[in-house]
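Observations on the three-dimensional arrangement
Spelled out, the chains give:
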Amino acid sequence: MHTIFGIPAPLLFGQLLLGLINGGFYALLSLGLAVIFGMLNIINFAHGALFMTGAFAAWGLLNYLGLPYWYALILSPLLIGLFGLVLERLFIRRLYGLDHLYGLLLTFGLALIIEGLFRNAFGSSGMPYQIPRSLSGAVNLGFMFLPLYRGWVVVVALVVSLATWAVIEKTRLGATLRAATENAALVQAFGINVPRLVALTYAGGVALAAFAGVLAAPIYSVNPNMGSNLIITVFAVVVIGGMGSILGSIVSGFGLGVIEGLTKVFYPQASDTVIFVVMAIVLLARPAGLFGKTA
Amino acid sequence: MGITRRSILGGLALGGTGLALAPRPSWAQSSKKLRIGVLNDQSGPYRDVSGLNSVVCVKQAIADFGASAKGLEVEVLSADHQNKPDVGAAIARQWFDRDGVDMIIDVPTSSVALAVANVCREKNRVYINVGAGTAELTGSQCAPTTIHWAYDTWMLAHSTGGATVKTGGNKWFFIPADYVFGHDLERQTSQFVTEAGGKVLGHATYAFPGTTDFSSFLVQAQASGANVLGLANAGADTQNCIKQAHEFGLTQQARIAALLMFITDVHALGLETAQGLVLTESFYWDLNDKTRAFTARIKDKTPNNYPNMVQAGCYAGTLHYLKAVSALGVDRAKASGAEVVARMKATPTEDDCFGTCKIREDGRVLVPAYLFEVKKPSESKGPWDYYKLLVTTPGDQAFRPLAEGHCPLVKS
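About the thresholds
- Residues numbered from 1 in each chain as written.
- Chains lettered and ligands numbered in written order.
- Predicted model: local features only at pLDDT ≥ 70, side-chain atom pairs only at ≥ 80, totals over all residues.
- Helix = DSSP H or I, 4+ residues; strand = E, 2+ residues; numbered from the N terminus.
- Rg over C-alpha atoms; globule rule 2.2 N^0.38 Å.
- Buried ≥ 20, exposed ≤ 12 C-beta atoms within 10 Å, placed from the backbone.
- Contact = placed C-beta atoms within 7 Å.
- Pairing = 2+ DSSP bridges.
- Axes fitted to C-alpha atoms, helices over the stretch in contact; angles between N-to-C directions.
- Domains from an automatic or database assignment.
- Nonpolar A, V, L, I, M, F, W, Y, C, P; charged D, E, K, R; others polar.
- Expected span 1.5 Å × (residues − 1).
- Core = buried A, V, L, I, M, F, W, Y, C linked by C-beta atoms within 7 Å.

So, about the overall build of chain A. Regarding its fold elements, chain A presents 11 helices and 4 strands. Taken against the 2.2 N^0.38 rule, which gives 19 Å for 295 residues, the C-alpha radius of gyration of chain A at 19 Å falls within 12% of a compact globule. Referenced to the eigenvectors of the C-alpha coordinate spread, the extents of chain A come out at roughly 65 × 50 × 35 Å. Within the span of chain A, comprising 295 residues, buried residues form 53% of the whole. Counting only contacts in chain A whose residues sit at least 6 apart along the sequence, the fraction spanning at least 24 positions is 75%.

Below is the structure:
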């Protein structure tokens, strides 16, 4: 059998592909964080909890209303986005003028409360959620067995990431949004309702987290801790990509997924630290991150 | 001002420890009052396996014993050790030094369990471990103050591992969690596999906690050509492994040996995914009239989950402890934990969950091990009707022979 660095080639290709799939989740989550940080200057520590809430919403829609996966994919981000809108109105908007630390503390507290409530209501061992029938099964690629659902995840993650990037960087709406963060007073003077725009941006970022949650529900166990496991990694991804950089978070999300996947072949015990090693190296060389602009 | 990752994480770590060590109202140190501390995971991956349901079971044991009618005043304290050995040991010290706790029970997560065992030995207080797996508790690290209840890694390896090899599963690939429990379970199972003529083709040790995606390891297992996937982990990790093994079609090639699995895990996976799995527990609510009666008594107090062997062990352990204390007298019991444990070892246990069992001199409770198969959805008649009993191993054969444990308490 053909080998690369002593690892059979098929195994290596398999791991690359799996890394890309996990990278899809990292990209989707860090994208939401980057949008919120880039536009609102809020470090949204509640992102992991909202990701979890999205997965639970999918489970709830199926169990209480009988609505399958495909409906959940649309409805759950809408519901959780609406919840995000409420959070923004009630809490987060009060912090825009303040130091980052306040936003971080508030959202961290919110995350603890949300996770605690879910733990109390549903326990910690998780809820079953099956892969939709039309996406169950797998194809044999020759070098590995690719479950159709994983293939679907990577494609959807890529499409949604690129669409978000395009909306913010290439459309008039995105231009207005970016202008509003640069100089809110001036944009307001042009007759644009800036507070509403900002609130909708937060809701949008939250909806992205919920969307990732629905995608994750059939793969991972739907449990209250699923977000807190991911959030620290995702923050590292955002820092590596450059805080607030949309493209940076997409590229580093997929890239780090691949690096992590390869580590799992060569030295699995280090797979949860490798991202932080990369982060340290990147910060030493480029303190603003790979795609960040130095202030 | 700048915020750094370090300040965030440092703050989190401090906050977490601070919560666990938050001052309690100081108790009036009345000499007659017994205090039982339930120390377990109340917020993390093992919360449903132990957690508040263990506390409920301890309280049920106090009620069933009729403590107040017998003139015993018993108070139950509980705390979350967050699966961290340092946090667990600190709480145990505080309980003994300040709060006058006489006995600590439960303590899942082997690394924490061993740390707390040392504190209890040092302070001469009773330690009834139920939730942790490591067989070291009654092996080289056994103590005159330790009793280990419902299961251990040797028993799981012997029962689930042994049964799997016997039915043709002879090429194994292991996925162990990277801490003492995972290593123990893998080592002991490997031993049974090779002794029975099977082979271990490889393993992928993963970082614990924090790993949620196991696909890399599953693909490695697939490439190895194994016909058994040995999962040396627990809780949500086991669930994720099983779910993803189905996804990657591994179940067409290999059988899954979930070496430690609780009824709560089966419930979380759903019978559709879990059907056909073979697992070992020493308690099942639907085993006989007594286990059903016990479950009926506590069901309303544990709304989300039925009891598993750990929670049943907390019940049985507390009951047996109270019997020993009332035989010795509270004053003597409070003076020496080792004396209470010696008394507990001298009397056979008797309770609704495990029946009558012996406690060996190394502290091992010889409960019978039941090998179960998870039912098909069509076979399940109601909620939580999940297991079919395959094999019963009597208590004196279910655990590691006394001589092989190298417990210093055992005189050869």
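For sheets, the rule is that strands pair by backbone hydrogen bonds, running either parallel or antiparallel. All names here are of chain B. Pairing is parallel in the open sheet, where 4 strands are placed in the order β7-β6-β8-β9. Two strands close off the open sheet at either side, each with one partner strand: β7 (199-203) and β9 (255-258). Pairs of neighbouring strands in the sheet enclose a mean axial angle of 25°, with direction left out of account. Looking at chain direction, strand β8 (residues 228-232) and β9 are connected through 4 bridges and run parallel. Considered in β9, the bridge of Val228 is made with Arg255.

As a further point, take the domain arrangement of chain B. Residues and elements named next belong to chain B. Per the domain assignment, the segments of chain B are domain 1 (28-151 + 289-367) and domain 2 (154-283 + 368-398). With centres defined by C-alpha atoms, the gap from domain 1 to domain 2 works out at 27 Å. At the junction of the two partners, domain 1 supplies 24 residues and domain 2 supplies 23 residues. At the level of elements, α4 (110-123) and α12 (309-328) are the ones that each hand at least two residues to the side of domain 1 that touches domain 2. Residue composition of the side of domain 1 that touches domain 2, grouped by class: 14 nonpolar, 8 polar and 2 charged.

This paragraph deals with the interface of chain A and chain B. Across the contact, 38 residues belong to chain A and 41 residues belong to chain B. Those elements that place two or more of their residues in the side of chain A that touches chain B are α1 (9-40), α4 (100-122), β4 (145-147), α9 (226-241) and α10 (246-266) of chain A. Its residues assigned to classes, the side of chain A that touches chain B comprises 18 nonpolar, 16 polar and 4 charged.

On to helix α2 (residues 51-65) of chain B, then. Three or four residues apart is the spacing at which side chains of an α-helix point the same way, because the helix has 3.6 residues per turn. Residue and element names in this part refer to chain B. Here α2 is 15 residues long and its end C-alpha atoms lie 22 Å apart, about the 21 Å a rise of 1.5 Å per residue gives. Taken across its 15 residues, α2 has 13 buried, putting it largely inside the fold. Where α2 terminates, the next one or two residues include Gly66, which has phi positive at roughly 70°.

Residue and element names in this part refer to chain B. Strand order in this open sheet of 5 strands is β2-β1-β3-β4-β5, and the pairing throughout is parallel. The open sheet has two free edges, formed respectively by β2 (73-80) and β5 (146-148), since each of these has just one partner strand. Each strand of the sheet is rotated relative to its neighbour by a mean of 20°, with strand direction disregarded. Two strands pair when backbone bridges link them, and strand β1 (residues 33-40) and β2 are joined in this way by 8 bridges, in the parallel orientation. The partner of Ile36 across the bridge, within β2, is Val76. Each of β1, β2 and β3 (103-106) touches helix α3 (residues 85-97); the most contacted strand, β1, lies at about 175° to it. Against the sheet, α12 contacts β1, β3 and β4 (126-129), and its axis sits at roughly 155° relative to β3.

As a further point, take the environment of Lys33 of chain B. Residue and element names in this part refer to chain B. Position of Lys33 among the secondary structure elements: in strand β1. Residue Lys33 is classed as partly exposed on the basis of its C-beta count, with 16 C-beta atoms lying within 10 Å. Once residues lying within four places of it in the same chain are set aside, the contact partners of Lys33 are Glu73 and Glu75.

In this section: the nonpolar core. Leu29, Ala55 and Ala212 of chain A together with Ile104, Val116, Ile175 and Leu229 of chain B are the most contacted members of the largest nonpolar core, which has 229 residues in total. Shared between two domains, this core holds at least three residues of each, these being domain 1 (28-151 + 289-367) and domain 2 (154-283 + 368-398) of chain B. Setting aside anything within four residues of it in sequence, one finds Ala212 of chain A in contact with Phe25, Leu28, Leu29, Phe51 and Gly54 of chain A.

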